[in-house]
Amino acid sequence: MWRRCPLGKIPVMAATSTAIRLRQGLAGILLLGAFGVALGLASGARLEPADFTFNNGSEVQTLDPATITGVPEGRVVRSLFEGLVVKHPKTLVPEPGMAESWTISEDGLTYQFRIRDTARWSNGDPVTAHDFEWSWQRLLTPLTGANYAEQLFYVEGAHEYYLSLADSDAPDLEWSTVGIRAVDDSTLHVQLKSPTAFFLDLCGFYPLFPVNRGNIESAQRDFPGTWKLEWVRSDKIVTNGPYVVESRRVNDRIRLRKNELYWDADNVAFNSIDVLAIEKETTMFNLYHTGECDMVDHVDSKVADILMQREDFNPAPYMGTYFYRVNVTEPPYDNVLLRRALNLSIPRKTIVEEIERMGQVPAYSLVPPVLADYTPVECDHEDLDRARALLAEAGYPDGKGLPPVEIHYNSSDAHKSIAEVIGDTWRRELGVTVKLRNEEWKVYLDTQNTLRYQLSRSAWIGDYVDAFTFLDMFVSGRGNNKTGWANAEYDALIQQATLEPDNTKRVAILQSAERILMDQLPILPIYYYVDKNIVAPRLGGFEANALDEHFPKHWYWMDDAELAAKREHLPPGKKLVDPHGPPNGQYSPAEMRRRAAAEGSNR
Amino acid sequence: MDGKRRFDFGAGELERLAEEAREFKGESLWQDAWRRLRRNRFSWWAGVFLAIFMLGSFLAPVFPLRSPTEIRTERANLAPSFGGGDLNYLSEFKEDPTNDELDRAYWDLSFIDHGLLRMRMAIFKRWQPDTILGTDNLGRDILSRIVWGSRTSILVALAATLFSLLIGVTYGAFSGLMGGRIDNLMMRIVDILYSIPFIFVVIFLITFIGDRSTELEDKGIDREFVFYVVIGAVYWLTMARVVRGQVLSLKNSEFIEALRVMGASTPRILFAHVVPNILSIVIVYLTLTIPAIMLFEAFLSFLGLGIEAPKVSWGTLANDGTTAINPLRIYWWLVVFPAAAMGSTLLALNILGDGLRDALDPKMRGKD
Amino acid sequence: MIPFLARRLMWFAITLFTVMFVSFFLMRSVKGGPFDNERQLDAGVQATIEAEYHLDWPMWKQFAQYVGPLNLDDDGWFGEGETEGSAPFTGVLSGDFGPSFRYRDFSVNDIIGQALPISMLLGIVSMMWALALGISTGIASAIRRGTGLDLSMRLAATAGIALPNFVIASFLIILFVFLVPLFPVAGWGRLEHMILPGFCLGLVFAAYISRLTRTGMLEALSQDYIRTAHAKGLAPRTVIMRHALKGGLLPVVSYLGPATAGILTGSLVIERIFFIPGLGSHFVNSASNRDYTLAMGVTILYTVLVYGLNTVVDLAYTLLDPRIDLSES
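Residues numbered from 1 in each chain as written. Chains lettered and ligands numbered in written order. Predicted model: local features only at pLDDT ≥ 70, side-chain atom pairs only at ≥ 80, totals over all residues. Heavy atoms only, no water.

Observations regarding the overall build of chain C
Assigned secondary structure in chain C consists of 13 helices and zero strands. Each helix and strand of chain C, ordered N terminal to C terminal, gives the series α-α-α-α-α-α-α-α-α-α-α-α-α. C-alpha extents for chain C along the principal axes are approximately 80 × 55 × 30 Å. Within chain C, counting contacts between residues at least 6 apart in sequence, those at least 24 apart form 65% of the total. (Helix = DSSP H or I, 4+ residues; strand = E, 2+ residues; numbered from the N terminus. Contact = heavy atoms within 4.5 Å.)

Description of the overall build of chain B
Per the secondary structure count, chain B includes 15 helices and two strands. Approximately 16200 Å² of chain B is accessible, and the part contributed by carbon and sulfur atoms is 65%. (Areas by Shrake-Rupley, 256 points an atom, 1.4 Å probe, with all protein chains shown as cover.)

Remarks on the sheet that holds strand β13 (residues 361-362) of chain A
All names here are of chain A. Across the sheet, which stays open at both edges, the six strands sit in the order β13-β17-β12-β16-β14-β15 with mixed pairing between neighbours. Two strands close off the open sheet at either side, each with one partner strand: β13 and β15 (434-439). Running over the sheet, helix α13 (residues 413-430) touches β12 (317-326), β14 (405-410), β15, β16 (455-461) and β17 (523-530) and is turned about 170° from β14. (Pairing = 2+ DSSP bridges. Axes fitted to C-alpha atoms, helices over the stretch in contact; angles between N-to-C directions.)

Overview of the packing of helix α14 (residues 314-323) of chain B against helix α15 (residues 332-360) of chain B
Residues and elements named next belong to chain B. Relative to each other, α14 and α15 sit at 145°, their axes nearing to 8 Å. Relative to α15, α14 is oriented so that their crossing is left-handed. Mapping the contact onto sequence places W314, L317, A318, G321 and T322 in α14 and L334, V335, P338, A341, M342 and T345 in α15. Taken together, the residues of the contact of α14 with α15 sort by class into eight nonpolar, three polar and no charged. (Left-handed = near helix turned anticlockwise from the far one by under 90°. Nonpolar A, V, L, I, M, F, W, Y, C, P; charged D, E, K, R; others polar.)

Re the domain arrangement of chain C
All names here are of chain C. Here chain C is described as being made up of domain 1 (36-101) and domain 2 (108-328). Averaged C-alpha coordinates put domain 1 and domain 2 at centres separated by 40 Å. With 10 residues of domain 1 at the contact, the number on the domain 2 side is 11 residues. At the boundary of domain 1 with domain 2, total buried surface from both sides reaches about 820 Å², with 65% on carbon and sulfur atoms. On the domain 1 side of the contact with domain 2, Y66, F97 and F101 bury the most area, a combined 58% of that side's loss. For the pair domain 1 and domain 2, the interface holds zero salt bridges. Put simply, domain 1 and domain 2 have six residue pairs in polar contact (both at pLDDT 80 or more) between them. Taken together, the residues that form the side of domain 1 that touches domain 2 break down as six nonpolar, three polar and one charged. (Domains from an automatic or database assignment. Buried area = accessible area lost by both parts, 1.4 Å probe. Salt bridge = Lys/Arg side-chain N within 4 Å of Asp/Glu carboxyl O. Polar contact = N/O pair within 3.5 Å; in protein donor to acceptor, adjacent residues only side chain to side chain.)

Regarding unusual backbone geometry
The phi torsion of most residues other than glycine is negative, and most of the peptide bonds are trans. A cis geometry characterises the amide bond from P331(A) onward to P332(A), with omega recorded as 0°. Of note, the phi angle at L451(A) is positive, near 55°, even though the residue is not glycine. Structurally, the position occupied by L451(A) is in the loop between α14 (441-449) and β16. In this structure, H54(C) is a non-glycine residue whose phi angle is positive, near 65°.

Brief notes about the interface of chain C and chain A
Listed per partner, the contact involves 69 residues of chain C and 73 residues of chain A. Both faces considered, chain C and chain A share a buried interface measuring about 6600 Å² in area, 59% of it formed by carbon and sulfur atoms. Looking at the side of chain C facing chain A, the largest losses of area belong to R39(C), D105(C) and F275(C), adding up to 13% of the total buried there. The interface formed by chain C and chain A holds 15 residue pairs in polar contact (both at pLDDT 80 or more) in total. With nine residues, helix α4 (residues 108-143) of chain C is the largest single contributor of residues to the side of chain C that touches chain A.

Looking at the packing of α4(C) against helix α7 (residues 192-221) of chain C
Residues and elements named next belong to chain C. As a packed pair, α4 and α7 sit with axes 5 Å apart at the nearest point and diverge in direction by 35°. Here α4 and α7 pass one another in a crossing that is right-handed. Residues that form the contact of α4 with α7 fall into these classes: 22 nonpolar, nine polar and one charged.

Points about the pattern of salt bridges
Residue and element names in this part refer to chain A. Counted under the stated rule, the structure contains 48 salt bridges over all chains. Among the ionic pairs, K87 bridges to E549, the shortest N-O distance being 2.8 Å. Taken together, the residues span a long stretch of sequence, with K87 in strand β2 (residues 85-87) and E549 in the loop between β19 (539-540) and β20 (556-557) at a distance of 462 residues. Since its relative accessible area comes to 6%, K87 is described here as buried. (Buried < 20%, exposed > 50% of the residue type's maximum accessible area, 1.4 Å probe, protein only.)

Brief notes about the sheet that holds strand β5 (residues 110-115) of chain A
Residues and elements named next belong to chain A. Pairing in this open sheet of four strands is antiparallel, and the strands run β4-β5-β7-β6 from one edge to the other. Strands with a single pairing partner mark the edges of an open sheet, and in this sheet they are β4 (99-104) and β6 (180-184). Shown here is a sheet whose adjacent strand axes are inclined to one another by a mean of 20°, direction ignored. In the packing of helix α3 (residues 129-139) onto the sheet, contacts are made with β5, β6 and β7 (187-191), and the angle to β6 comes to roughly 165°.

Quick look at the nonpolar core
Note on soluble globular proteins: their nonpolar side chains tend to be buried together. Core analysis: the biggest nonpolar cluster contains 339 residues, and L84(A), F113(A), W136(A), L366(A), W426(A), L471(A) and Y490(A) have the highest contact counts within it. Both domain 1 (36-101) and domain 2 (108-328) of chain C contribute no fewer than three residues apiece to this core. Those residues in contact with L366(A) that lie beyond four places of it in its chain are T321(A), F323(A), F470(A), L471(A), M473(A), F474(A), E514(A), L517(A), M518(A) and I523(A). (Core = buried A, V, L, I, M, F, W, Y, C linked by side-chain atoms within 4.5 Å.)

Observations concerning the side chain of S107(C)
On the secondary structure map, S107(C) appears in the loop between α3 (59-67) and α4. Ignoring anything within four residues of it in the chain, the contact list for S107(C) reads L229(A), G98(C), P99(C) and S100(C).

Notes on the pairing of β7(A)
Within a regular strand, the side chains alternate between the two sheet faces. All names here are of chain A. Bridging between β5 and β7 involves five bridges; their strand directions are antiparallel. Within the sheet, the bridge partner assigned to Q112 lies in β7 and is H189. Here β6 pairs with β7 via four bridges, running antiparallel. When the bridges of β7 are listed, A182 appears paired with L188. Here β6 hands over to β7 after two residues, the two strands then running antiparallel side by side.

Digging into the packing of aromatic side chains
Throughout the structure, instances matching the rule amount to 55 aromatic pairs over all chains. With a centroid separation of 4.8 Å and 50° between ring planes, the pair formed by F205(A) and Y206(A) is classed as tilted. The residues F205(A) and Y206(A) share a single accessibility class, namely buried. For the pair W332(B) and W333(B), a centre-to-centre distance of 5.8 Å together with 90° between the ring planes defines the contact as edge-to-face. By relative accessible area, W333(B) is classed as buried at 6%. Grouped by ring-pair contacts, the aromatic residues F52(A), F54(A), F270(A), F542(A), W555(A) and W557(A) constitute a single cluster. (Phe/Tyr/Trp six-rings, centres within 6.5 Å; stacked < 30°, edge-to-face > 60°.)

With respect to the environment of P89(A)
All names here are of chain A. Note that P89 resides in the loop between β2 and β3 (94-96). Under the relative-accessibility criterion, P89 is labelled buried at 13%. Along the chain, P89 and A544 lie 455 residues apart, while their C-alpha atoms are 7.9 Å from each other. Discounting chain neighbours no more than four positions away, the residues touching P89 are E543, N545, F551 and H554.

A closer look at helix α6 (residues 111-124) of chain B
Residue and element names in this part refer to chain B. In a regular helix each residue adds 1.5 Å, so 14 residues correspond to 20 Å; α6 covers 20 Å between its end C-alpha atoms and thus fits that length. Among the residues making up α6, those that are buried are D113, H114, L116, L117, R120 and M121. Buried residues in α6, looked at end-on, bunch into an arc of 165°, giving them a common side. Those residues of α6 hidden inside the fold are in contact with α4 (41-58), α5 (99-105), β2 (128-129) and α7 (142-178). In the segment just after α6, K125 is the residue with positive phi, at about 50°. (Expected span 1.5 Å × (residues − 1). Arc of directions from axis to C-beta.)

Rendered as structure tokens:
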């Protein structure tokens, strides 16, 4: 080719090729050096595999029990801290935790807790009633920024105290006006404002967990500007639960180490637990499948039908409802007839059977039907003819004249599919035009909060086992109402329910409130949640329950014998899979002794 | 370099060169490029493939396919199968659907698409093939989604690329031609813009605009249009740099100097010599930019910020498909076909781009 | 060289300030705040938290506080007098990027300190692999232009820019994890964890490098000094490796700056799929979480890296191509 160059200049050869080669070599050496350094950095952080690894679905916001609200945070905090009571892993009935016993007065207003003598912080200090008083005062201080401060408002004077502190103009009330008092180191006295049937449940709910005063105060002293993140550092945080934090890396894992000072440490089996923060469903399932993760908190519904055949996937209903909020403040959605027409034509069966596919149940009420004492009040079931009639009655025969229905949802495959299916049905059956509005998470939240939507995808998961955690949400003006719906009768009923000491009557009142809700339909219920945990078959001590809350302190690896015994009782059609974990199992020290004793006596 | 040596040729050589120069006269740069492109088999076929593909994607409504948005959950996740017949095609329509009814079955279509859909009904009546490439988790036809998705993807890529080309070339050429302080300043501005992580900017712009979509739609600007502009606005920087660099090196090169000495006018130098010279490198970057934008669109789909349902694009299809890949069961048709469509198009674009580069390179004129 | 660097430094300061300014106000103009949550906070609590992070201040003051170095807090420089323990200096200029709003137990410095080495390692692995593949295929296809080898090399190199990397990653996982179990499926810490993600991440860049090398080599091979080198009777190998390559690699060198930056921000997909706690995911996550401080932190880091790398590239350019004179413009 070069031979045929028609015109040309005689080049001046650069005589610096050696120098350049030297430089290139230098660049190579630098590159290798950087590689080595990085490799060293990476391998320095290498961890031995933990006894148990589970995926938490997302990186936790913080480990401070007072300020968290999310499910992933709850999972970690429940293994780090312990409240006055702990929940039974299956029934969630409160059992002695930090408090070894308690008494409740006849009128249900006075609680007296006795803190157990063996309760210790991970730094060796005893856990006292004063710790609880201090922690609860902290929760009721607006500066703490506790999202769940309201869970203590059932206590005498607590709400007033909180408001007086929040309002800079009003004089601050004394702490002594609040009905929380440490009588002595081991006695905590709590005076409630109204008989709150679920107050004991609340004592096992993370906002009411104690935090270590010395831990926080020394951080405040040493790091005045940044103490909020200093006291929770892995090397500083003091906990009172079955585990302590060994190390943390953002978007990677939290390594938990067994707390040997925990009062019930004898019954804790795993010495270390890794909590992963994988967000992508495919990735978490792949890790589980290859045995590097032993439990996954949710799965993609696209594989649901296969998973349902496996022994490690047993979705069970829990206290969660998926629904659409309707902004009732603006026409045409202020018209209840239109809301009813839309509600009657939601293809719930298709959604649960074709999209969700894990045994979810079509929802016709806000409160899920998993409570022993509360039967939800349902709205009308699907009826397309009635829906069309109602739509005509509302002034939009065959959808004519109705502006496009906009469904807002936050970016996610499942939400998109559900909105697509509902939109498709409304288009075909009602003749209305439907627009889907996919919004980025924070914008979606903002749209909901500022009522700039028509229909918006929502969900609610119960905080404690009571219908109140759902129904309280739609009292007019509540922060979580987000529909603009206000109904005086409903508000009165909810208020009445808080004052009613008799549970049967209270339930009846709550049911009449839900009846109003299901008649007025500021929300369109779609389906009730099931938990989506994939759990290694060998894991023992893991129970499905109404809140989908799980307690690592009870977990252990079964040995082959126990696993085989468990597999005897598998429902028909379930396929066996890799059980994970060691064949000999891993049991708590107490269990080991029991087993050794049993073996000895057999001999 | 001294000038003495340059003309130090023998007489015979000069004669031959003059001959060669005369040969070139009859042919413009473009004719030459066209001829050479035709000779490059691979590039030629890549171009033909792309042309057919573009035409097909424009004519999507004419094909006897189900609506890409039509959900049939009872036919979900079907593997590819062949056959055909009256498969509920447009079942909810009367014989002569109104535009409203068509829009409901698809989305807000243009009048051209309405016409094309009517043409299709006239040609194929109610016949349509079976779900040749299978169905997705909502029972939508994958073939139809790929064909309709190609429209979105191609439109995004073309619009955004043209937009970036327009800004980039103007900016770069201006900067390079001006030289000196202005050039310096303009390039520093590009540097600054380069230094903002553009993913970050795009996310905020899309969020910002998505939030105001209702107001924008009232003004006749739809969300997709903004989407193109945002992406295009991000991709012009490289183009500007490359063009500027080329202009600068040409400006300092001897043949431009020679032209100046010979008294050629500035416009002549610019259009007859500079533009063809930068064109090759612009085209190379263009063929890199179109695929890059298509990939970027897919990336946004991965983040859930892509094209809005019910519309489809290859990016959303590829993303939906990859979630169907797992060790338990592989719905391979959900990912293989969209990936094949996307891959073959981008591959063809790249091959065509290389071919164009070779064909347009002025240094290669008359040689092969 | 020294005036060049001084000028660069000045422009760097201007750039950094502009980037900070633009990002800061761009971020704040978007709906939603860092403390918006699905469970709506009590308005009072929300206000308290926002006040603590000075989100209630006027925008200019927040920006000034963020940039530093003077602490504008009431307890700080201009306040009613310093209370004990409050820092007189704050903000980026004092090296403090503030606390993260989303990962509230960490400061931005902590997070970057954890993620940057991981991203660097992943970046180096993928860049080395991209350079090796890209340059070799680029050279080969330039020399054997128009042949089957050229085409197959180009096809191979184009694969990386013909498919989204999440698709490639999914295929590779099925192939090399489940069908032929060679590599771990995800995670970070051991050498074998880096191979698949490094490969996927590098593939895009390999494709670009290969094209640039081919283009550059073709350009270089048509230069006269190559003809001279051939005429001098040098072996074709020497001509290509020693003379043509030098000019041919110039486009690649100029691409390295943007490419390295691209690897940092572009690793998001790979990080998500392979569960790698690197920096890439913070670029997107901090934006969608409205984690203002973390977003600013990674943006500033990115700016510093891009600017630094581009300066290095420009210096390398002068070393490789004597025709370019830095002091000229």
